[in-house]
Amino acid sequence: MNTIGTKIAELRKHSNISLQGLANQVEVSKAAIQQYENGSSIPSNHILKRIAAALGVDFWEFFRIPQFNISIESVKFRDGSKLNSAVEEENEVKKTVLSIVKNYLELESILEAKIKFENPIEGFKVKNNNDVEKAVKKVRRKWKLGNAPIDSLTELLEDKGIKIINLNRNTVSGGLSGLVGDIPLIVINNSDAHKRETTRKRFTIAHELGHLLMKFNINNLTDDLEEIFCNRFAAAFLLVDEVAFEKIGKNRTSISLGELKDLKETYGISIKAIIFRLSSLKLINDDIKDDIINSYELMYSGNENFGTYTKSYEVPARFEKLIRTALTENRIEKNKASELSGIPIDKLKELTIKNFDLI
């Protein structure tokens, strides 16, 4: 990968200038130039402009990167992905995803901010529901999450190197997951259901994470069984079994909707998903489950308030943050930022002050 350091070294050698010679012109130490070139230190923009002048190149030369050699064929969704049957829809989704990921990679390269994804349960094979629970615990332990609520799934997964992409798709499919080359991604359908209820979006994201992470040791695994396992993964990832045991307790003869509302608002999992989670853990029997669901649906139809998850709206934010950093650090010009982000140039100023309280 071409970095600022490697470009300094390439341009210096091409200009037949020694390390000491460049250091003298820039008025820094030889050791500083060596650190820039080997990547152990990054020059400030002020120093970089002096390096550019000494080498006789444009400042922006250090941020020009080669085109990424990926194509629409590199976009692979998992088997069983809920794409519409029409080839046109699949190709359109793939083209859109590819364009977004290419811009993402270019921006990461400019800022030297690429995150290498590592599957925390690589090598672990799932055979049954117990293995799904074990997989969740391994992921949470590796990612140092403990049993705590995950306030923002999108922020967590983006920080782990998974690209989260929102798309408007005319389909009932909530989400997709797959790879662009070796880069994992989750595509979220920006549907009305997800807009109405953030907990639905969170469950979809966690479900697709299950598809990305879990490998199965089952002969003739069906799509339906994989969906069941990934639903289990999503519910367990959002509400760990120990938490359910602690908050609900065993041998319950009844559960109040108030208790479920508290869990929803704390852990970001829907009322129905909590009910099925408690049932799968055998904390409630089928009769109690059916009674609670019936009560919930009856009250829900009357527009009763069953809590709202407000800790996050699960909107991908890392790309915009990188754009903001690149502009603030003068790593890209406004026209390039607009090209990569799709944000009109006259709106970029709003982006650079976003999330700051102005006094």
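Residues numbered from 1 in each chain as written. Predicted model: local features only at pLDDT ≥ 70, side-chain atom pairs only at ≥ 80, totals over all residues. Heavy atoms only, no water.

1. What to know about the packing of aromatic side chains
Piece 1. Applying the stated criterion to the full structure yields 4 aromatic pairs.
Piece 2. Judged by centre distance (5.8 Å) and plane angle (15°), the ring pair of phenylalanine 216 and phenylalanine 229 falls under stacked. Placement of phenylalanine 216 in strand β6 (residues 215–216) and of phenylalanine 229 in helix α10 (residues 223–238) is noted, with a sequence separation of 13 residues between them. One exposure class covers both phenylalanine 216 and phenylalanine 229, and it is buried.
Piece 3. For arginine 140, the ring lying beneath its charged end belongs to phenylalanine 237, and the centroid distance is 5.5 Å.
Piece 4. Above the plane of the ring of phenylalanine 245 lies lysine 250, whose end atom (NZ or CZ) is 5.6 Å from the centre. (Phe/Tyr/Trp six-rings, centres within 6.5 Å; stacked < 30°, edge-to-face > 60°. Helix = DSSP H or I, 4+ residues; strand = E, 2+ residues; numbered from the N terminus. Buried < 20%, exposed > 50% of the residue type's maximum accessible area, 1.4 Å probe, protein only. Lys NZ or Arg CZ within 6 Å of the ring centre and 35° of its normal.)

2. Here we look at the pairing of strand β4 (residues 175–180)
Piece 1. When you tally the buried positions in β4, you get 5 out of 6 residues, the bulk of the element.
Piece 2. Strand direction decides the pairing type here: strand β1 (residues 75–77) and β4, joined by 3 bridges, are antiparallel. By the bridge assignment, phenylalanine 77 is partnered in β4 with glycine 178.
Piece 3. Once β4 ends, the chain turns through 2 residues before running back antiparallel as strand β5 (residues 183–189), passing glycine 181 with a positive phi of about 65°. (Pairing = 2+ DSSP bridges.)

3. Digging into the sheet that holds strand β3 (residues 163–167)
Piece 1. As summarised here, the arrangement of the 4 strands in space is β1-β4-β5-β3, forming an open sheet in which the pairing is mixed. In this open sheet, the two strands that pair with only one neighbour each are β1 and β3. For this sheet, the mean inter-axis angle between neighbouring strands, taken without regard to orientation, is 30°.
Piece 2. By the bridge criterion, 6 bridges tie β4 to β5 in an arrangement that is antiparallel. Within β5, the position partnered with valine 180 by the bridge is isoleucine 183.
Piece 3. The strands that helix α5 (residues 87–111) touches are β1, β3, β4 and β5; relative to β3, the one it contacts most, it runs at about 135°. (Axes fitted to C-alpha atoms, helices over the stretch in contact; angles between N-to-C directions. Contact = heavy atoms within 4.5 Å.)

4. Some thoughts on the layout of surface pockets
Piece 1. Considering only enclosed or pocket space, the second largest pocket measures out at about 380 Å³ in volume.
Piece 2. Taken together, 18 residues form the lining of the second largest pocket, with Ile100, Ile164, Asn166, Pro316 and Phe319 sitting closest to its centre.
Piece 3. Split into classes, the residues belonging to the lining of the second largest pocket amount to 11 nonpolar, 4 polar and 3 charged. (1 Å grid on protein atoms, 1.4 Å probe; cavity = no way out; pocket = protein on both sides within 12 Å on 5 of 7 lines; lining within 4 Å. Points joined across faces, edges and corners; volume = space filled by probe spheres on them. Nonpolar A, V, L, I, M, F, W, Y, C, P; charged D, E, K, R; others polar.)

5. Brief notes about the confidence of the model for the chain
Piece 1. Per-chain confidence: the chain averages 87 in pLDDT, with 90% of residues scoring 70 or above.
Piece 2. Within the model, pLDDT remains below 50 along residues 355–359, and this stretch shows 2 contacts once partners closer than five positions in the same chain are excluded. (pLDDT = per-residue confidence, 0-100.)

6. Some points on unusual backbone geometry
Piece 1. Of note, glutamate 112 is a non-glycine position whose phi angle comes to about 50°, a positive value.
Piece 2. By secondary structure assignment, the location of glutamate 112 is in the loop between α5 and β2 (125–126).
Piece 3. In the Ramachandran plot, lysine 144 falls in the positive-phi region, its phi being about 60° despite a non-glycine side chain.
Piece 4. Tracing the backbone shows lysine 144 in the loop between α6 (129–142) and α7 (153–159).

7. What about the pattern of salt bridges?
Piece 1. This structure, assessed with the given rule, holds 17 salt bridges.
Piece 2. When the shortest N-O distance is used, the salt bridge between arginine 12 and glutamate 37 registers 2.6 Å. Of this pair, arginine 12 sits in helix α1 (residues 4–14) while glutamate 37 is found in helix α3 (residues 30–38), placing the two residues 25 residues apart along the sequence.
Piece 3. Overall, glutamate 37 belongs to the buried group, its relative accessible area being 16%.
Piece 4. Put simply, lysine 163 and glutamate 108 hold a salt bridge, and the shortest N to O gap is 2.8 Å. Highlighted residues: lysine 163 in strand β3 and glutamate 108 in helix α5, separated in sequence by 55 residues. Taken as a pair, lysine 163 and glutamate 108 share a single burial class, namely buried.
Piece 5. Among the charged side chains, a network of salt bridges with common partners joins Glu106, Lys336 and Glu339. (Salt bridge = Lys/Arg side-chain N within 4 Å of Asp/Glu carboxyl O.)

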